[in-house]
Amino acid sequence: MCGIFCSFPRIICPGIPVNDFRNSFNRRGPDKGGSCIFHGIIFEASVLWHQGPQLSSQPFEDNRGILVFNGDLFMDEIQNSSDSSWFFKSLSKCSTSKDILEVLRKIRGPFCFIYYAKSTKTLFFCRDYLGRNSLLLGMNSERIILTSTGRRSSEYSLVELPPLGLYAIHTGNEKISFQITFWEEKMIQSEYFQKEENCLRTFLESFAIDYKRNPNEYINPDCLQQCSWEFNYSFKDIFAKVPTEMHHESLLREALPSVQDVVEILIELLEKSVRDRVTTTLKECKNCLKSSEKVSCSHARIGILFSGGVDCTILTILADKFIPNHATIDLLNVAFEKKSSACGEVDWNVPDRVSARKALEEVKRICPNRSWNLIEVNVKEEEKIENLTKEISHLIHPRNTILDESLGVALWFAASGSTSCRVILIGSGADELFGGYTRHQVAFKRGGEEELRRVLEEDLLRLPSRNLARDDRVICDHGVTQRAPFVEEQIVQFVSQLQPLQRCFPPLGPGVGDKTLLRLCAYQLGLRETAWRTKKALQFGSRVANSKQDANDVSIFLS
């Protein structure tokens, strides 16, 4: 993982790095930094070392091109080697843009990159089709920039680059032109992707930049070209045979035999996703890596954002399978100040703190051979405001709503709780995939299964812009890599092919009806209590948000 930055003039001429952005992306990659300039185009990168026997510095450069890469590629052919070096070698063999498309078809994992092909004077850049890593596009009258993270007060107008496909800028022309080759055709047919494209087109046109589509080619990732599954069950039919007055645990137990095959497949996919994300990093924590003495490290290299809900607790149980028992795992839990009495005492027992402690008791019962470190991060109001103003608002930018503020602040402080971790697992995507939001219940009441299907599809498509890019900027500011096991290619493909009522059953309400399939997985893993626990959203469970505010309003700290 690294912070990446590229700056190039609207009219090719010598330029200097934009210092405004350097501090932010340097914090993302504290292990090594580098830069180069070619024909007035500036490339900078800062690396957080995960893969390969040696630290690879960036940018990569040879006689064919220059690359800055931010990502984690989880592929058998690059085990025990540097994924960024492998990717650069693959791109260096490409003679045409079609060759680059072939490389993109084969890779798996979260990524974004900027690659300059010297022979054609073309700058290629891309986010993976699930949009897991941040890449911002910025412009002013003189220069164009691409960066992992930006500044709210910058002279550049910034937008989150939508993960529509492979972008190309031909820099050899007098007039800059954008061209895009889309990810698979069916994705851009959705109304949401069309909206994203129209917003980007409007932004470019405001700077008199030409925007062109490649209408005949699409990038069709190999991981999406697998056989489909068909399962003949519906939670509507299953629960029609089970008395609804039964206890939550009894309802889950009675439903499990009917969907046992699906649960086993899903757990297997989740296990693989978690395994890739906790084992693909160095054996030393951040602190021991810097030490001159080589000692066996038992400190936490892996942290988990832990609110005690079903999503993060499943990830915790699965992570235990693949991390040596001698290593500590940090469970990061955040609470925000709320005065509980007239004398001004602070009650830190917010809902997420209470549920985390209960879930940890169950985790210890199932995984007794582990040293679990529940880190309780307590944030006072003045501390929140100071850091929000000084740094967090810049990381959230260009997102600007009260919801962005609440989630960004909560995630930044939660991730700050661990000083040794190299990787932090987050539960993003679970609610979108399995129907965990109140709006899914409302959608079912409004229009039945078809309306629920529409909302689930829209939620998944807007996950990159609504959550993933912002969360990447905020969490990685602490020199760690965030990894989201639920937002993995095979898992997304598998769950997306299930019918809505094969994932959840909204009429039963929270605790069983939301994320029903995921709760059955938790029950199968031994989480008898957590499997039916209901939990507030992070911004309310940590008490960072004011429920009286409209989440979609613009935040005064982000405007």
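1. Here's the deal with the overall build of the protein
Assigned secondary structure in the protein consists of 18 helices and 18 strands. The principal-axis extent of the C-alpha atoms belonging to the protein is close to 70 × 55 × 45 Å. Per-residue burial for the protein yields a buried fraction of 61% across its 559 residues. The contacts of the protein with a sequence gap of at least 6 include a subset with a gap of at least 24, amounting to 74%. As displayed, the protein has an accessible area near 22,600 Å², and 46% of this comes from carbon and sulfur atoms.

2. Section: the sheet that holds strand S14 (residues 302-305)
A sheet is described by the order of its strands in space; here five strands give the open sequence S16-S15-S14-S17-S18, paired in parallel fashion. One side of each edge strand has no neighbouring strand; the edge strands of this open sheet are strand S16 (372-379) and strand S18 (481-483). Averaged over all pairs of adjacent strands, the angle between strand axes in this sheet comes to 30 degrees, irrespective of strand direction. Judged from the three bridges that link them, strand S17 (residues 423-425) and S18 form a sheet pairing that is parallel. If you follow Ile-424 over to S18, its bridge partner there is Gln-482. On top of the sheet, helix H10 (residues 310-320) reaches S14, strand S15 (329-336), S16 and S17; it is set at about 160 degrees to S14, its chief contact.

3. Here's the deal with helix H15 (residues 438-475)
In an α-helix there are 3.6 residues to a turn, and that puts residues three or four apart on one side. An ideal rise of 1.5 Å per residue puts 56 Å on 38 residues; H15 reaches only 26 Å between its terminal C-alpha atoms. Most pronounced at Gly-447, the bend in H15 amounts to some 135 degrees.

4. Here's the deal with the pairing of strand S3 (residues 41-47)
In terms of burial, S3 is a largely internal element, seven of the seven residues being buried. On S3, burial covers both faces: Ile-41, Phe-43, Ala-45 and Val-47 on one face and Ile-42, Glu-44 and Ser-46 on the other are all buried. Linking strand S2 (residues 32-38) back to S3 in an antiparallel pair, the connection comprises two residues, with His-39 at a positive phi of about 50 degrees.

5. A short note on the environment of Leu-508
Looking at the secondary structure, you find Leu-508 in the loop between helix H16 (489-496) and helix H17 (516-524). Not counting residues up to four positions away in its chain, the partners in contact with Leu-508 are Phe-239, Thr-244 and Gly-513.

6. Structural notes on the pairing of strand S5 (residues 65-71)
Counting buried residues in S5 gives seven out of seven residues, a clear majority hidden from the surface. Residues of S5 alternate between two faces, with Gly-65, Leu-67, Phe-69 and Gly-71 on one and Ile-66, Val-68 and Asn-70 on the opposite face, all of them buried. Of the pairings in the sheet, the one linking strand S4 (residues 60-61) to S5 comprises two bridges and is antiparallel in character. By the bridge assignment for S5, Phe-60 is matched with Leu-67. Between S4 and the antiparallel strand that follows it, S5, lie three residues.

7. Re the confidence of the model for the protein
Across the protein, the average pLDDT comes to 89, with 94% of residues at 70 or higher. Taken element by element, the protein is modelled with least confidence in strand S1 (residues 2-9), mean pLDDT 65, and with most confidence in H10, mean pLDDT 98. Scored below 50 in pLDDT, residues 11-17 shows 15 contacts in the model against residues more than four places distant or in partner chains.

8. Brief notes about the state of the cysteines
Within this structure, the stated rule accounts for zero disulfides. We note that Cys-504 lacks a disulfide partner, and the nearest cysteine sulfur, in Cys-521, lies 14 Å from it. For Cys-504, a relative accessible area of 0% translates into the label buried.

9. Considering helix H2 (residues 83-92)
Along H2, eight of the ten residues are buried, which leaves the element largely enclosed by surrounding structure. Buried residues along H2 sit against S4, S5, helix H3 (97-106) and strand S6 (111-117).

10. So, the pattern of salt bridges
Side chains bearing opposite charge may pair, as long as their charged atoms lie close to each other. Tallying each qualifying case throughout the model produces 35 salt bridges. For Asp-222, the salt bridge identified is with Arg-105, shortest N-O distance 2.5 Å. Highlighted residues: Asp-222 in the loop between strand S13 (210-219) and helix H6 (235-240) and Arg-105 in helix H3, separated in sequence by 117 residues. Arg-105 gets classed as partly exposed once you look at its relative accessible area, which sits at 24%. Between Asp-276 and Arg-275 there is a salt bridge whose closest N-O contact spans 3.3 Å. Given a relative accessible area of 11%, Asp-276 falls into the buried group. The class for Arg-275 is partly exposed, based on a relative accessible area of 33%. Three or more residues joined by partner-sharing salt bridges are found here, namely Arg-27, Arg-151, Glu-391 and Asp-477.

11. Overview of the nonpolar core
By size, the foremost hydrophobic cluster in this structure holds 160 residues, and its most contacted members are Phe-87, Leu-104, Phe-113, Phe-125, Leu-137, Phe-178 and Ile-314. When residues in this core are grouped by element, the largest group, eight residues, is from helix H8 (residues 260-279).

12. Observations regarding the packing of aromatic side chains
Within the structure shown, the criterion is met by 17 aromatic pairs. Geometrically, the ring pair formed by Phe-125 and Phe-178 is edge-to-face, given 5.9 Å between the ring centres and 80 degrees between the ring planes. Of this pair, Phe-125 sits in strand S7 (residues 122-127) while Phe-178 is found in strand S12 (residues 177-183), placing the two residues 53 residues apart along the sequence. Comparing Phe-125 with Phe-178 shows no difference in burial state: the two are buried. When the centroid spacing of 6.2 Å and the interplanar angle of 15 degrees are considered together, the rings of Phe-239 and Phe-505 count as stacked. With Phe-239 in helix H6 and Phe-505 in the loop between H16 and H17, this residue pair connects regions lying 266 residues apart in the sequence. Residue Phe-239 is classed as buried on the basis of its relative accessible area, which comes to 4%. Among the aromatic residues, those joined into a ring-pair cluster are Tyr-233, Phe-235, Phe-239, Phe-444 and Phe-505. For the cation-ring pair, Arg-370 lies above Trp-372, with the distance from its terminal atom to the ring centre recorded as 5.8 Å.

Rules of the game
Numbering of residues begins from 1 in every chain and follows the order in which that chain's sequence is written. With pLDDT at 70 or above as the cut-off, local features in this predicted model cover only qualifying residues; side-chain atom pairs require 80 or more to be listed or tallied, and sums for whole chains, interfaces and linings still use all residues. Only hydrogens and water are removed before side-chain values are computed, so all heavy atoms of the structure are retained for them. Secondary structure follows DSSP: runs of H or I at least 4 residues long count as helices, runs of E at least 2 residues long count as strands, and numbering of each begins at the N terminus. Each residue is assigned to one of three classes by its accessible area relative to the maximum for its type, calculated with a 1.4 Å probe on protein chains only: buried under 20%, partly exposed between the two thresholds, exposed over 50%. Whether two residues are in contact is decided by their heavy atoms: any pair within 4.5 Å suffices. We get accessible surface area from the Shrake-Rupley algorithm with a probe of 1.4 Å; when it comes to residues, only the shown protein chains can shield them. Strand pairing is defined by DSSP finding a minimum of two bridges between the two strands. Here, axes are lines fitted to C-alpha atoms. For helices the fit covers the stretch in contact, and angles between N-to-C directions go from 0 to 180 degrees. The span you would expect from a helix comes to 1.5 Å times its residue count less one. What the bend at a residue measures is the angle between two axes, fitted to the seven residues ending there and to the seven starting there. You can read pLDDT as the predictor saying how much it trusts each residue, on a scale of 0 to 100. Disulfides are defined as pairs of cysteine sulfur atoms found within 2.5 Å of each other. Salt bridges are counted wherever a side-chain nitrogen of Lys or Arg sits within 4 Å of a carboxyl oxygen of Asp or Glu. To form a nonpolar core, buried Ala, Val, Leu, Ile, Met, Phe, Trp, Tyr and Cys residues must be joined to one another through side-chain atoms within 4.5 Å. Note on aromatic contacts: the rings of Phe and Tyr and the six-membered ring of Trp form a pair at centre separations within 6.5 Å, being stacked when their planes are under 30 degrees apart, edge-to-face when over 60 apart, and tilted otherwise. By the criterion adopted, a ring carries a charge over it if an Arg CZ or a Lys NZ lies within 6 Å of its centre and within 35 degrees of its normal.

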